[in-house]
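Below are the chains, spelled out letter by letter.
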Amino acid sequence: MNGGPARGGGHAVVRPRSAVAALVAAAALGLVTGRFVLPSPSGADAHPAARSGAAVGGASQGASAPATPGVSAPTPSASGSGSASPTGATGPVTTANLLGPAAFGPDAGIGKIHVTDRYGDGHYANAACTGEKTLTETLGGPGAHFRGLMTSPRTDPSDPTLALDGADQVAREVAAEARSPSLAQNFSQRLLLEQVPCQEEAPGHWVYGRTTTLRLAPDVTASWMGVYQGSLNTTGTAPEGEEPCGGIAVLRSGTHYGVLEVDACLGTAAMDRVVRTALSQL
């Protein structure tokens, strides 16, 4: 992630080195409290370059949960439109299931967004603090759809879904399908566990905030965490009362699952809207 989590393979993106027992304990605690806590990895990365610009769409714009670390707050499923709850997806994932530029809207102030797609394996927004593994290394599954959204058509030669200049990356999504809804749930939980070690880092290091859960239907859920610059991390965890600057979400809809990394500096309300849109489309 630009200005925060570092890309795998030597690039700047949005990562456990803890033992298996620690992961199991973290998962059990996270499901109860909404916040996963793992032992802090040793050798934390140096503080990355700060992101430019203030967070767009802060809590004052009607976020469904406060932007402070602590207990996760499941948010209501709908916008008061009275429409029926969505149903979990079935069948293969296609590019139609991936987030489009319109999700960011003119209020984000991003401008024209270019889209690039590919299918296969690769790093999926896992930061250095959690191992920088590929999707196959984490799940052992087949390939997935990768989509990059960026403000420049110039892409990284090694991966067209990454901007050549990290500052041009708006977001990146990875999505695939599992053989059953229960397996998709398992995959999404494992992907979330890959991210949560970054909720605790040494002061001065970028850090993820607390986990927020969105539930649009029993099998249509997302968990997301905001990113906070190292200059805001003075205690080893995300600061209270501050807005994030983008973030990461793990999504599941029926048999579909995925990870959405938002590099654009979005605050709580804007992140909530983008994650809801991605989840509804998945």
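Residues numbered from 1 in each chain as written. Predicted model: local features only at pLDDT ≥ 70, side-chain atom pairs only at ≥ 80, totals over all residues. Heavy atoms only, no water.

### Some words on the overall build of the chain
For step 1, the next point in the chain: Secondary structure assignment for the chain yields four helices and ten strands.
For step 2, the next point in the chain: For the chain, the sequential pattern of α-helices and β-strands runs α-β-α-β-β-β-β-α-β-β-β-β-β-α.
For step 3, the next point in the chain: Looking at the chain as a whole, 55% of its 282 residues are labelled buried.
For step 4, the next point in the chain: Surface exposure of the chain reaches about 11000 Å², of which carbon and sulfur atoms provide 56%. (Helix = DSSP H or I, 4+ residues; strand = E, 2+ residues; numbered from the N terminus. Buried < 20%, exposed > 50% of the residue type's maximum accessible area, 1.4 Å probe, protein only. Areas by Shrake-Rupley, 256 points an atom, 1.4 Å probe, with all protein chains shown as cover.)

### A few points about the packing of aromatic side chains
For step 1, the next point in the chain: For the structure shown, the criterion picks out two aromatic pairs.
For step 2, the next point in the chain: Between Phe-187 and Tyr-257 the ring centres are 5.1 Å apart and the planes differ by 70 degrees, which places this aromatic pair in the edge-to-face class. In this pair, Phe-187 is assigned in helix α3 (residues 181-195) and Tyr-257 in strand β10 (residues 256-262), connecting sequence segments 70 residues apart.
For step 3, the next point in the chain: Residue classification places Tyr-257 among the buried residues on the basis of a relative accessible area of 3%.
For step 4, the next point in the chain: Both rings, one in Trp-206 and one in Tyr-208, keep their centres 5.1 Å apart while their planes meet at 70 degrees; by these two values the pair is edge-to-face.
For step 5, the next point in the chain: Taking relative accessible area as the criterion, Trp-206 reaches 2% and is therefore assigned buried.
For step 6, the next point in the chain: Taking the ring centre of Phe-146 as reference, the NZ or CZ of Arg-118 above it sits at 3.9 Å. (Phe/Tyr/Trp six-rings, centres within 6.5 Å; stacked < 30°, edge-to-face > 60°. Lys NZ or Arg CZ within 6 Å of the ring centre and 35° of its normal.)

### Section: the confidence of the model for the chain
Close inspection of predicted coordinates is inappropriate for parts of the model with low pLDDT.
For step 1, the next point in the chain: A residue-level look at the chain finds 71% of positions with pLDDT of 70 or above and a mean pLDDT of 78.
For step 2, the next point in the chain: Across residues 59-73, confidence stays below pLDDT 50; counting only partners more than four residues off in sequence or on other chains, it has 41 contacts. (pLDDT = per-residue confidence, 0-100. Contact = heavy atoms within 4.5 Å.)

### Brief notes about the nonpolar core
For step 1, the next point in the chain: Residues Phe-104, Leu-251, Leu-260, Val-262, Leu-266 and Val-275 are the most contacted members of the largest nonpolar core, which totals 30 residues.
For step 2, the next point in the chain: When residues of this core are traced back to their parent elements, those giving at least two are β5 (169-177), β7 (212-217), β8 (220-228), β9 (247-253), β10 and α4 (268-281).
For step 3, the next point in the chain: Examining the composition of this core, we find that six residues originate from one element, α4, more than from any other.
For step 4, the next point in the chain: Excluding anything up to four places from it in sequence, Val-275 contacts Leu-214, Ala-222, Trp-224, Ala-249 and Leu-251.
For step 5, the next point in the chain: Grouped together as the second largest cluster of nonpolar side chains are 26 residues, Ala-144, Phe-146, Ala-178 and Tyr-208 included. (Core = buried A, V, L, I, M, F, W, Y, C linked by side-chain atoms within 4.5 Å.)

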